Amino acid sequence: MKIFGAFDFDGTLVKRKGIPTSSNVWFDKPFEGAVETLQFLHEQKIGFYILTNRTEEDWPLIRAWLKKWEFPIPDRILITNKKQKNTTFYLDDRAIRFTGNWQDFRKLYF
């Protein structure tokens, strides 16, 4: 199976904390190593896209931000709010790893 990955935008590519708002993220920098990692994936012909909860009206702004910080192929990266078929991995700052044991989840949050 070919590797095909998804990256969250807020808090994963762009270095920021807290609840994202459209008005302030565009001035924040990328996390150290983010540009180089996506460049490496591109060179290795590993497909990737941006999976975000932001609305479609923000997607051109995300693309402009990617271009500003010299991410690879900013004009061709898919930006979407729908997980794509055959996604191998998803990198997100707010994800919870499911261990197969619901009790682990309950211990963490309740």
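Just so it is clear, the model here is predicted, and its values are computed rather than measured.

## Considerations on the pairing of strand β2 (residues 47-51)
Within a regular strand, the side chains alternate between the two sheet faces. Buried residues dominate β2, accounting for 4 of its 5 residues. Pairing geometry for strand β1 (residues 4-7) and β2, over 4 bridges, is parallel. Counterpart to Gly 5 in the pairing with β2 is Phe 48. Of the pairings in the sheet, the one linking β2 to strand β3 (residues 79-80) comprises 2 bridges and is parallel in character. Bridge assignment links Leu 51 to a residue of β3, and that residue is Thr 80.

## With respect to the confidence of the model for the chain
Here the chain averages 89 in pLDDT, while 93% of its residues score no lower than 70. Mean pLDDT in the chain bottoms out at helix α3 (residues 102-109), which sits at 82, and peaks at β3, which reaches 97.

## Details of helix α2 (residues 59-68)
All of the buried residues along α2 are Trp 59, Ile 62, Trp 65 and Leu 66. Across the axial projection of α2, the buried residues extend over an arc of 115°, all falling on one side. Those residues of α2 that are buried lie in contact with β2 and β3. Backbone geometry just after α2 places Glu 70 at a positive phi near 60°.

## Details of the side chain of Thr 52
Looking at the element boundaries, Thr 52 is found in the loop between β2 and α2. Classification of Thr 52 as buried rests on a relative accessible area of 3%. A polar contact is formed between the side chain of Thr 52 and the backbone nitrogen of Arg 54, at a distance of 3.1 Å. Not counting chain neighbours up to four residues away, the residues in contact with Thr 52 comprise Asp 8, Phe 9, Asp 10, Trp 59, Ile 62, Ile 79, Thr 80 and Asn 81.

## Digging into the pattern of salt bridges
This structure, assessed with the given rule, holds 3 salt bridges. Between Arg 54 and Asp 10 there is a salt bridge whose closest N-O contact spans 2.7 Å. Here Arg 54, found in the loop between β2 and α2, pairs with Asp 10, found in the loop between β1 and α1 (34-43); they are 44 residues apart in sequence, far enough to count as distant. Residue Asp 10 is classed as buried on the basis of its relative accessible area, which comes to 10%. The residue Asp 75 makes a salt bridge to Lys 67 at a minimum N-O spacing of 3.0 Å.

## Examining the environment of Glu 70
By the element assignment, Glu 70 lies in the loop between α2 and β3. Taking the C-alpha atoms as reference points, Glu 70 and Thr 37, 33 residues apart in sequence, are found 12 Å from one another.

Rules used in this analysis
Residues numbered from 1 in each chain as written. Predicted model: local features only at pLDDT ≥ 70, side-chain atom pairs only at ≥ 80, totals over all residues. Heavy atoms only, no water. Buried < 20%, exposed > 50% of the residue type's maximum accessible area, 1.4 Å probe, protein only. Helix = DSSP H or I, 4+ residues; strand = E, 2+ residues; numbered from the N terminus. Pairing = 2+ DSSP bridges. pLDDT = per-residue confidence, 0-100. Arc of directions from axis to C-beta. Contact = heavy atoms within 4.5 Å. Polar contact = N/O pair within 3.5 Å; in protein donor to acceptor, adjacent residues only side chain to side chain. Salt bridge = Lys/Arg side-chain N within 4 Å of Asp/Glu carboxyl O.

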